[in-house]
Structure formats: C-alpha cells, structure tokens
Amino acid sequence: MNDQTAQRVIIADDQALVRDGFARVIGSQPDFEVAGTAEDGRAAVELAARLQPDLVVMDVRMPRLDGIAATAEIIAASERPPRVLVVTTFNLDSYVYEALRAGASGFLLKDTRPEGLLDALRTIARGDALIDPAATRALIGAFGDRIRPAFADDGALESLTARERETLTLLAEGMSNAEIAEAMTVGTETAKTYVSRVLLKLGLRDRVQAVVFAHRVGIAGH
C-alpha cells in the first residue's frame, strides 16, 4: 500500500500496452500511486479535473485531443496544476517544442528504461524540470528559433549578475544543481539559490523554460 506522501499520477497514452506498462512500473513504487489512466487527450483533461493528480505522464500524439493541447488545458484549469511529463518517440517531433510553451515540466523519450521514467517523475515532483539529455540539443536546434513564449523578456537578461549568467549557461547544458555547484565551485545550496534567482529575474516557470530562453538568446554552449 502506498503511503500518504505518495504522488498521485495520471497516465495518458492511446496505446494500451504502453499505458499498462507505465502503470505497472509507476505503481510498483511506494512514492507513487496511479490514480487513473486515459486513452486520449480529452479523457486526460476530464480525468485531471476530477482527480486533481500531482503528476501527469502525457503522450504527444493521441486522438480527440493531442497531448500538447491537453497539457495546456490541464494547466490552465487549475490554480495548482499538476506537473506534466511529456513522453515522445522524438524524431524531431514538431509537437515537442509546443509542450514547453504549454507548461510541461519536461519530456522524456519513450525508449527510456523504467528507472529513467521513475527518476524523471521524481525530478518534476520535487519542483525541478527535466529535458531528456539525448534530445535537448536536437530539440532546441530544430525549434528554438520558433519559440516566442510569453514568458521572459529578453531585456531581463541584463539584470543578471555574471554568476547568474554563468548559472543560466550551465542550466542550458542540462546540469543539475549538484553539477552546477561543482562547475562553479560553490555549495549545492548556493547553486540552488543562483538557479532560483535566475528563474525569478527572468520570469521563468522552471528549468525547461530556462533552457529554451538560454538557447533563444544565444548564450548557451554549442
């Protein structure tokens, strides 16, 4: 039985085998509870409204309503929306960059091993965001110049200190707080503070948006 701190998860995928497989993997963990599953985006929106989950695992291509539109609706409908992990086969999928604008907390490749899925869910559950490192550069390279989100004013970049700009650059490389701390030769708590300041000053929701912003303004490594 899951304990009271278990994160409630909804899984949305139009393939029953994928849906059931995800449910078995996620439901086997004591820190997660599978609250429900949906076979398309519209069902996912309705289920999220009814169950108010903590997390949603969202496929991209589904009937009735695709995963990106479903993500946007779910997030817009709640004052405390769930964090959404978009999963995709990712062959430069033109939908994926829209997931970032829709408010997804990250995305993951469908061929990720089960432990990778669980790690990703735990990452977004604790308030971080995640982009599959194997896809980050391809995604941003293909679609970064087309992302013109409402978040973040390019001029706000000037408000960052040198250390905060360095932090943003490291965020764009997909580094964790611990990795940023090591790269900058500071403590983990200091790195976490730098990350928080960057997000606050730039008006960014999370690390995913920081990656997009950094690539869009051309300060990320290549």
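Structure's up top.
So, here's what we can say about the structure. Because the structure is a prediction, the values reported are computed rather than measured. (Residues numbered from 1 in each chain as written. Predicted model: local features only at pLDDT ≥ 70, side-chain atom pairs only at ≥ 80, totals over all residues. Heavy atoms only, no water.)

A word on the side chain of Thr71
For the record, the criterion: We count a stretch as a helix when DSSP gives it H or I for four or more residues in a row; a strand needs E for two or more, and each element gets its number in order from the N terminus. Summary of the burial criterion: residues with accessible area below 20% of their type's maximum are buried, those above 50% are exposed, and those between are partly exposed, where the area comes from a 1.4 Å probe applied to protein chains only.
Within the secondary structure, Thr71 is located in helix H3 (residues 67-76). Residue classification places Thr71 among the buried positions, given a relative accessible area of 0%.

Let's talk about the packing of helix H7 (residues 162-172) against helix H8 (residues 177-184)
Going by this rule: Note on geometry: axes are lines fitted to C-alpha atoms, helical ones only across the stretch in contact, with angles between N-to-C directions running from 0 to 180 degrees. Each angle gets one of four labels, with under 35 degrees taken as roughly parallel, over 145 as roughly antiparallel, 65 to 115 as roughly perpendicular, and the rest as oblique. It is the rotation of the near helix from the far one that decides the hand of a crossing: anticlockwise by less than a right angle makes it left-handed, clockwise makes it right-handed. In this description, contact between two residues means that some pair of their heavy atoms is separated by no more than 4.5 Å. By the convention adopted, Pro, Cys, Tyr, Trp, Phe, Met, Ile, Leu, Val and Ala count as nonpolar, Lys, Arg, Asp and Glu as charged, and the other residues, Gly among them, as polar.
Relative to each other, H7 and H8 sit at 130°, their axes nearing to 10 Å. Considering the angle they form, H7 stands oblique to H8. Judged by the sense of rotation from one axis to the other, the crossing of H7 with H8 is right-handed. Contacts from Arg163, Glu166, Thr167, Leu170 and Leu171 of H7 reach H8 at Ile180, Ala183 and Met184. When the residues that make up the contact of H7 with H8 are grouped by side-chain class, the tally is five nonpolar, one polar and two charged.

Remarks on the layout of surface pockets
The test is simple: Detection works on a 1 Å grid of protein atoms alone, calling trapped sets that fit a 1.4 Å probe cavities and calling open sets with protein on both sides within 12 Å along at least five of seven lines pockets, with lining residues defined by an atom within 4 Å of a point. Grid points are joined across faces, edges and corners, and a volume is the space filled by probe spheres set on the points.
There is about 250 Å³ of room inside the second largest pocket. Around the second largest pocket, the lining is made up of 14 residues, and of these Gln52, Pro53, Arg80, Pro81 and Pro82 lie nearest the centre. Contributing elements (two or more residues each) for the lining of the second largest pocket: helix H2 (41-51) and H3. With three residues, H2 is the largest single contributor of residues to the lining of the second largest pocket.

Some words on the nonpolar core
Put simply, the rule is: We define the nonpolar core as a collection of buried residues of types Ala, Val, Leu, Ile, Met, Phe, Trp, Tyr and Cys that are connected through side-chain atoms lying within 4.5 Å of one another.
Of all hydrophobic cores here, the largest spans 26 residues; its most connected members are Ile10, Ala12, Met58, Val84 and Val86. Of all the elements in the fold, those that place two or more residues in this core are strand S1 (7-12), H2, strand S3 (55-59), H3, strand S4 (83-88), helix H4 (96-102) and helix H10 (207-216). Ranked by the residues each element gives to this core, the list is headed by H2, at five residues. For Val86, the residues in contact, after removing those within four places along its chain, are Met58, Val60, Thr71, Ala99, Ala104, Gly106, Phe107 and Leu108. Listed in part, the 21 residues of the second largest apolar core include Ala172, Ile180, Leu199 and Phe213.

Notes on the pattern of salt bridges
How we decide: For this analysis, a salt bridge means a side-chain nitrogen from Lys or Arg found within 4 Å of a carboxyl oxygen belonging to Asp or Glu.
Evaluation of the coordinates by the stated rule reveals eight salt bridges. Across the pair Asp59 and Lys110 runs a salt bridge, and its minimum N-O distance is 3.2 Å. Of the two residues, Asp59 sits in strand S3 while Lys110 sits in the loop between strand S5 (106-109) and helix H5 (114-125), which places them 51 residues apart along the sequence. Classification of Asp59 as buried rests on a relative accessible area of 5%. Owing to a relative accessible area of 23%, Lys110 belongs among the partly exposed residues under this scheme. Residue Arg163 is joined to Glu166 by a salt bridge in which the shortest nitrogen-to-oxygen separation is 3.0 Å. Residue Arg163 and its partner Glu166 are located together in helix H7, separated by three residues, close to a single helical turn. Each of Asp13, Asp59 and Lys110 takes part in salt bridges that share partners, so that together they form one network.

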